[in-house]
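# Notes for the structure review
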Amino acid sequence: MPSFPWRGDRRLSSERELAAVDMYVYTQPAGLLGRLVGRALRFRVERFLVDLGRDGALPRVEVDAESLRPQCEVYPTTKFERAPLGYAEVERLQRRTRGYTLDAPRYPTITFDTTASREDAVEGVLCLRGASQPIRCTKAVEGAEVVVRCPLSLAAFNVPRYSLWLGLFSVSDAVEVETRIPSKTILSL
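An unreviewed UniProt entry annotates the protein as Lipid/polyisoprenoid-binding YceI-like domain-containing protein originating from Strigomonas culicis.

### Focus: the confidence of the model for the protein
Residues at a pLDDT of 70 or more form 86% of the protein, whose mean pLDDT is 85. Per-residue pLDDT stays below 50 along residues 1-8; that stretch engages in 22 contacts with residues further than four places along the chain or on separate chains.

### Topic: the state of the cysteines
Evaluated as defined, the whole model comprises one disulfide. What pairs with C137 in a disulfide is C150, and their sulfur atoms sit 2.0 Å apart. As the torsion about the S-S bond is roughly 105°, the C137-C150 disulfide counts as right-handed. Of the two residues, C137 sits in strand β11 (residues 131-142) while C150 sits in strand β12 (residues 145-153), which places them 13 residues apart along the sequence.

### Re the nonpolar core
Considering soluble globular proteins, one finds that nonpolar side chains tend to be buried as a cluster. Counting 39 residues, the largest nonpolar core has V63, I135 and F157 as its most contacted members. At four residues, the largest contribution of residues to this core is made by β12. Those residues in contact with V63, other than ones at most four positions away along the chain, are M23, V45, R47, F48, L68, P108, T109 and I110. With five residues, the next largest nonpolar core counts Y24, Y26, A40 and C72 among its residues.

Rules of the game
Residues numbered from 1 in each chain as written. Predicted model: local features only at pLDDT ≥ 70, side-chain atom pairs only at ≥ 80, totals over all residues. Heavy atoms only, no water. pLDDT = per-residue confidence, 0-100. Contact = heavy atoms within 4.5 Å. Disulfide = S-S within 2.5 Å. Helix = DSSP H or I, 4+ residues; strand = E, 2+ residues; numbered from the N terminus. Core = buried A, V, L, I, M, F, W, Y, C linked by side-chain atoms within 4.5 Å. Buried < 20%, exposed > 50% of the residue type's maximum accessible area, 1.4 Å probe, protein only.

Next comes the structure, spelled out in structure tokens:
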């Protein structure tokens, strides 16, 4: 596993130095009818910063809560793209995610402060909707990328569960944040 050569105070942006890094959030359907006819979705995080801090400091990741954009329907097990979302559906999901789920006007930034980094895992404190919880993420090399996967329970962060028809259609409490870092990006740091 390559190590990150962090030196001095540096803030890396998804719009510049980290443009090749992809960060996704995966959701699953839940509820009696949701499991049968609901759809697993992928959201792309458009804007984030990585603050490398001082020499030897572990990084802090800051995500703009307004930047989550619904991308497509995915197969639940493989997370490969299954079908694109229509414009109206993207707009509806974006409004619901920003205004209801993340409450982005009140909590505009989601942060992850790394507390430990090993070859196969990253640990830290995630602050989402004003609640902070320790989480553990897995880290693995897949081809020419380092992939970090963070399973989350939305209830631990006081995120309201979206449901319709008394819960027959709902979104699962368990989501996964996946960050894909190409090796060329790691080497350029």
